[in-house]
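# Working through the structure, step by step
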Amino acid sequence: MKPYLIAALFIAGCSGADTAPKDSPATDAIPKTGLTAMTANFNIDNVIGTPSVVDCTLSGGTKTECLSITLAAAPPSFKIGPWCPRNISGGPDVSGIWLEGGKVYDADGAFIQNMSTFYKDPKWQMFDPATGKINVTDSKVSCEAAARPDVDPQYQNHCVECDVSYLESGLSQTYVIPIMPSNAQTISPRVSAGGVGVAFSGVRLDASAPTDAILSAYTLAPFDDCGGHVNLNVGYHIHAATDCLNSAAKSTAHALQLGLAMDGYPIMTRLTRAGQEPADLDLCRGHETDGIGYHYHVNDPGANAIIGCHKGETGCTLTEANGTCDATQSARRGPPGGGDRGDRPPRGERPERGDRPPKPQ
Ligand SMILES: [Zn+2]
Ligand SMILES: [Zn+2]
């Protein structure tokens, strides 16, 4: 049994004056029960500092109060990797997965051996035919170079993986999520590069992985069996919701709640307690039920889209724990901290970089 954050009655001002603007609302205006409910299930092993209530401006311009919770870039309680097998003889146990056409494939040696057939393109040759050795970005330098917008040609036909050990120490993400969701005036038809939300296990739930852009550079960037991989800017993040999230889930009579979407609505397992996918899900994969209100049910892992879109105005994903959340600004500038370049990556450009310049030392 993991320790969870139980009593989370945090108030702005107690959590450090630098985390809240000076004109924070009076503490009696803060819906403490809502904040407790939002933070109680987070795996405390992965929470940095103390969650707090901050003023925030959501993507549609609504000014409200948000939960601000900072999580380590790699959850210590999560099994991370493997991704790339080292030889075409490597089986699923030393390999991750790949999502294609709504299906989940083992990105094992056999898959990599078969890629020119699978993708009907003879240019795929990611292994040495004599030895079966697979080209893998097995250093920080090579993983960085292969994730560059203009992939160094020497890393074409490489299986790309970045190890957790390459991450800057202290790298974290701060999620600023509305306590009371506000429905958006216009719903974007897809999740923006700012991400889907955050799981109670402390994992970032990301927008669809731009698999086409990855493949167009003759690279394969597998996900581990939990649907995740590492981006040097944001750390470990997942593109598919699997059973890996269930251990930190909150039990409800309807389904397991896996975490919070960036608009503040709950994210639940794909299936309800009755083993059914609700029939009345909207395009965002949400619906309303008595007692819970509006919430999402995650997609099948192969879909490469954890949810379809956000019904509500979204908050912010910040790289600085005490940054100010103005989601109207980040919408104009692109994703702060960046998840994948999921939205129309320019031709030849690689995902996984974000639009943020390198972090100043
Ligand atoms: Zn439901
Ligand atoms: Zn990714």
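In this convention, every chain numbers its residues from 1, walking through the sequence in written order. The naming scheme follows written order: chains are lettered A onward, ligands numbered 1 onward. Per-residue local features are limited, in this predicted model, to residues with pLDDT of at least 70; the limit for side-chain atom pairs, both in listing and counting, is 80 or more; totals at the level of whole chains, interfaces and linings are taken over all residues.

Each nonpolar core reported here comprises buried Ala, Val, Leu, Ile, Met, Phe, Trp, Tyr and Cys residues connected via C-beta atoms within 7 Å. Here the C-beta atoms are placed from the backbone, and a residue counts as buried if at least 20 other C-beta atoms lie within 10 Å of its own, exposed if 12 or fewer do, and partly exposed otherwise. Among the nonpolar cores identified, the biggest contains 90 residues, and Ile112, Val176, Leu258 and Ile307 are the most heavily contacted of them. The contacts of Leu258, once residues within four sequence positions are left out, are Ala199, Phe200, Ala241, Leu245, Ala249, Ile267, Met268, Thr269 and Val298. In this description, any two residues whose backbone-derived C-beta atoms lie within 7 Å of each other are considered to be in contact.

Attention shifts here to the sheet that holds strand 17 (residues 316-318). One requirement defines pairing of two strands: DSSP has to find at least two bridges between them. Numbered from the N terminus, helices here are DSSP runs of H or I no shorter than four residues, and strands are runs of E no shorter than two. Ordered in space as 17-6-2-1-18, the five strands form an open sheet in which the pairing is mixed. A single partner strand is all that each edge strand has here, and the edge strands are strand 17 and strand 18 (325-326). As judged from the eight bridges shared by strand 1 (residues 47-57) and strand 2 (residues 63-72), these two strands associate in the antiparallel manner. The residue bridging Val54 from the neighbouring strand is Cys66, located in strand 2.

What follows concerns the environment of Ala193. Summarising the element assignment, Ala193 is placed in the loop between strand 6 (172-178) and strand 7 (197-199). For the pair Ala193 and Ser208, spaced 15 residues apart in sequence, the C-alpha separation works out to 8.3 Å.

A word on the confidence of the model for the protein chain. One number per residue, pLDDT, summarises how confident the predictor is, and it ranges from 0 to 100. The predicted model of the protein chain averages 84 in pLDDT, with 82% of residues at 70 or higher. Taken together, the stretch residues 1-30 has pLDDT below 50 and engages in 55 contacts with residues farther than four places along the chain or on a different chain. Under a pLDDT of 50 for its full length, residues 333-361 has, in the predicted model, 81 contacts with residues more than four places off or in other chains.

A few words now on unusual backbone geometry. Residue Pro82 is reached from Gly81 by a cis peptide bond, and omega for that bond is -5°. Assignment of secondary structure puts Pro82 in the loop between strand 2 and strand 3 (97-100). Within the chain, Lys120 stands out as a residue other than glycine whose phi angle is a positive 50°. On the secondary structure map, Lys120 appears in the loop between helix 3 (115-118) and helix 4 (140-146). Positive phi values are uncommon outside glycine, yet Asn304 reaches one of about 55°. On the secondary structure map, Asn304 appears in the loop between strand 16 (293-297) and strand 17. By C-beta crowding, Asn304 is classed as buried, having 24 other C-beta atoms within 10 Å.

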